[in-house]
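Architecture and fold: a report
Chain by chain, the residues:
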Amino acid sequence: MGMMDGIDVLVSEVGPRDGLQSIKPVMPTAAKLAWIDALVEAGVREIEVGSFVPAHLLPQLADTPEVVRAVKAKHPGLHVAVLVPNAKGAEAAIAAGADKLTLPLSASETHSLKNLRRTHEQVFGEVARIVELLSALPAERRPQFEGAVSTAFGCTLEGEVPEAKVVALAERLIALGCDEVGLSDTSGYANPAQVRRLVKAVHAAIGPERMTGLHLHNTRGLGLANVVAGLDVGVTTFDSSQGGLGGCPFAPGASGNIVTEDLVFMLEAMGLRTGIDPEGLARARAVLAEALPGEPLYGFVPDAGLPLGFRRAA
Ligand code: ZN
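What counts and what doesn't
- Residues numbered from 1 in each chain as written.
- Predicted model: local features only at pLDDT ≥ 70, side-chain atom pairs only at ≥ 80, totals over all residues.
- Heavy atoms only, no water.
- Salt bridge = Lys/Arg side-chain N within 4 Å of Asp/Glu carboxyl O.
- Helix = DSSP H or I, 4+ residues; strand = E, 2+ residues; numbered from the N terminus.
- Buried < 20%, exposed > 50% of the residue type's maximum accessible area, 1.4 Å probe, protein only.
- Expected span 1.5 Å × (residues − 1).
- Arc of directions from axis to C-beta.
- Contact = heavy atoms within 4.5 Å.
- Polar contact = N/O pair within 3.5 Å; in protein donor to acceptor, adjacent residues only side chain to side chain.
- Pairing = 2+ DSSP bridges.
- Axes fitted to C-alpha atoms, helices over the stretch in contact; angles between N-to-C directions.
- Phe/Tyr/Trp six-rings, centres within 6.5 Å; stacked < 30°, edge-to-face > 60°.
- Core = buried A, V, L, I, M, F, W, Y, C linked by side-chain atoms within 4.5 Å.
- Donors = N, O, S within 2.8 Å, 3.2 Å for Na, K, Ca; no water.
- Tetrahedral: all angles 85-135°; square planar, octahedral: opposite > 155°, others 65-115°.
- Right-handed = clockwise from strand over helix to strand, strands pointing away.

Before going further, it helps to examine the pattern of salt bridges. By the definition in use, this model includes 16 salt bridges. A salt bridge links arginine 172 to glutamate 121, with the shortest nitrogen-to-oxygen separation between them at 3.1 Å. Linking arginine 172 in helix α7 (residues 163–176) with glutamate 121 in helix α6 (residues 120–135), this pair joins segments that are 51 residues apart in sequence. Here arginine 172 falls in the partly exposed class, since its relative accessible area comes to 33%. Here lysine 165 ties to glutamate 158 by a salt bridge, and the two come within 3.8 Å at their closest N and O atoms. Ionic contacts of the salt-bridge type, sharing partners, join the residues Arg17, Asp18 and Glu48 into one network.

Here helix α8 (residues 192–206) spans 21 Å end to end across 15 residues, near enough to the 21 Å set by a 1.5 Å rise per residue. When α8 is considered as a whole, its buried residues turn out to be Gln194, Val195, Leu198, Val199, Val202, His203 and Ile206. In an axial view of α8, the angular spread of the buried residues amounts to 155°, which keeps them on one side of the axis. Across from the buried face of α8, at angles greater than 90 degrees, the exposed residues are Lys200 and Ala204. Here the buried face of α8 lies against α7, β6 (180–184), β7 (213–215) and α9 (223–232). A side-chain oxygen of the first residue of α8 lies 3.0 Å from the backbone nitrogen of alanine 193; this N-cap is asparagine 191. Positive backbone phi, at 95°, marks glycine 207, one or two positions downstream of α8.

The strand order β1-β2-β3-β4-β5-β6-β7-β8 describes a closed barrel built from 8 strands, whose pairing is parallel. Across the sheet, the mean angle separating the axes of adjacent strands is 30° when strand polarity is ignored. When β7 meets strand β8 (residues 237–240), the two strands line up parallel, connected through 3 bridges. Directly across from histidine 215, in β8, lies its bridge partner aspartate 239. Relative to strand β3 (residues 79–83), helix α3 (residues 64–74) is tilted by about 170°, and along the sheet it contacts β2 (46–51) and β3.

Further remarks concern the pairing of β3. In terms of burial, β3 is largely enclosed, as 5 of its 5 residues are buried. Along β3, one buried face is formed by His79, Ala81 and Leu83 and the opposite face, lined by Val80 and Val82, is buried too. With 5 bridges connecting them, β2 and β3 associate as parallel partners. What sits directly across from isoleucine 47, in β3, is valine 80.

With that out of the way, let us pick up the packing of aromatic side chains. For the structure shown, the criterion picks out 1 aromatic pair. Look at phenylalanine 265 and phenylalanine 310: their rings are 5.5 Å apart centre to centre, the planes differ by 45°, and that puts the pair in the tilted class. On the criterion of sequence distance, the pair formed by phenylalanine 265 in helix α10 (residues 260–269) and phenylalanine 310 in the segment after α12 (300–304) is long-range, its members being 45 residues apart. On the accessibility criterion, phenylalanine 265 (23% relative accessible area) is partly exposed.

Let us look at the nonpolar core. In terms of nonpolar packing, the biggest core is built from 83 residues, with Leu101, Leu183 and Leu214 touching the most fellow members. Beyond its immediate sequence surroundings of up to four residues, leucine 183 is in contact with Val149, Ala152, Phe153, Val166, Leu198, Val199, Val202, Met211, Gly213, Leu214 and His215.

Let us look at the coordination of the zinc ion. Around the zinc ion, the protein supplies Asp18 (OD), His215 (NE2), His217 (NE2) and Asn257 (OD1) as donor atoms, at distances of 2.0 to 2.2 Å. Around the zinc ion sit 4 donor atoms, and with donor-metal-donor angles ranging over 87 to 167° the site reads as irregular.

We now examine α7. Because an α-helix packs 3.6 residues into every turn, residues spaced three or four apart end up facing the same way. With 14 residues, α7 should cover 20 Å at 1.5 Å per step; its first-to-last C-alpha distance of 20 Å lies within 8% of that length. Residues Val166, Val167, Leu169, Ala170, Leu173 and Ile174 constitute the buried set of α7. The buried residues of α7 all sit within an arc of 160° when viewed along its axis, so they share a single face. Facing away from the buried surface of α7 by more than 90 degrees, the exposed residues are Ala164 and Ala175. Tucked into the core, α7 has its buried residues touching β4 (100–106), α6, β5 (144–150), β6 and α8.

Attention now moves to the pairing of β2. Burial analysis of β2 places 6 of its 6 residues in the buried class, the great majority of the element. Of the pairings in the sheet, the one linking strand β1 (residues 10–13) to β2 comprises 2 bridges and is parallel in character. Residue pairing across strands places glutamate 13 opposite isoleucine 47, the latter belonging to β2. In the classification by handedness, the crossover that spans β2, the intervening α3 and the parallel β3 is right-handed.

Here is the structure:
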């Protein structure tokens, strides 16, 4: 089955990686697997389950290889995505059997130096090495490789990020051999007009089939408005996190990532099929809440409930 068979929009759940990453108490592996099981049960088709960074840097995600192996064995149809900061991480991700590798590249070089301790040229070097690793694999074992341009809509360190710069980085990633490019609003700076403009510019440069995904944040409350803007210009994959897990350190009370429950409700209510059952998401949320006692979970739909007479898109 293709990833998009029978659905209009792919909701890619990033809670187990992006969400958990900022949470101190380490969630036991068994609890992560139970949560992922419940998400799959709800109909989620793609989940970013972890990050291949050195374990001492990120104890919360130290069990990523184990999680990837366990999830692949149990849910062969699930698209298992992971973050890889470099070629070493990519090698480990390939060995574990991940289906999709995402390498973050910060559009702001200041942010790149601070976050990955690498210049753009150094990141491009890693991209080239990863492409080499992937080309050596037989096609059926080759994971999808995405270059994710973060701080694409603005940076907390540099402020405005020129659109031409984002376009040039996207072109370079494709030229080096990435299968696709994603755009991330890491700082929660994006607005809908900007989303339309930048996606169109990137589509014009590398082709719409090479840029299908947006990673948007809700830091300033524009997350879902930005999703609608993305839909308007043909984006079909959106990242979100159950319960907006991870929150936003800059805006207490606000989720960082878009809340999966709210996103799925909006899309289904708009007549766009996600393949995800909101009731199933509620069950997965209960599993998550039990595993992370005291951790705030966000979302309007979980608080207010589904509207009377709500029907999923058919
Ligand atoms: Zn995020």
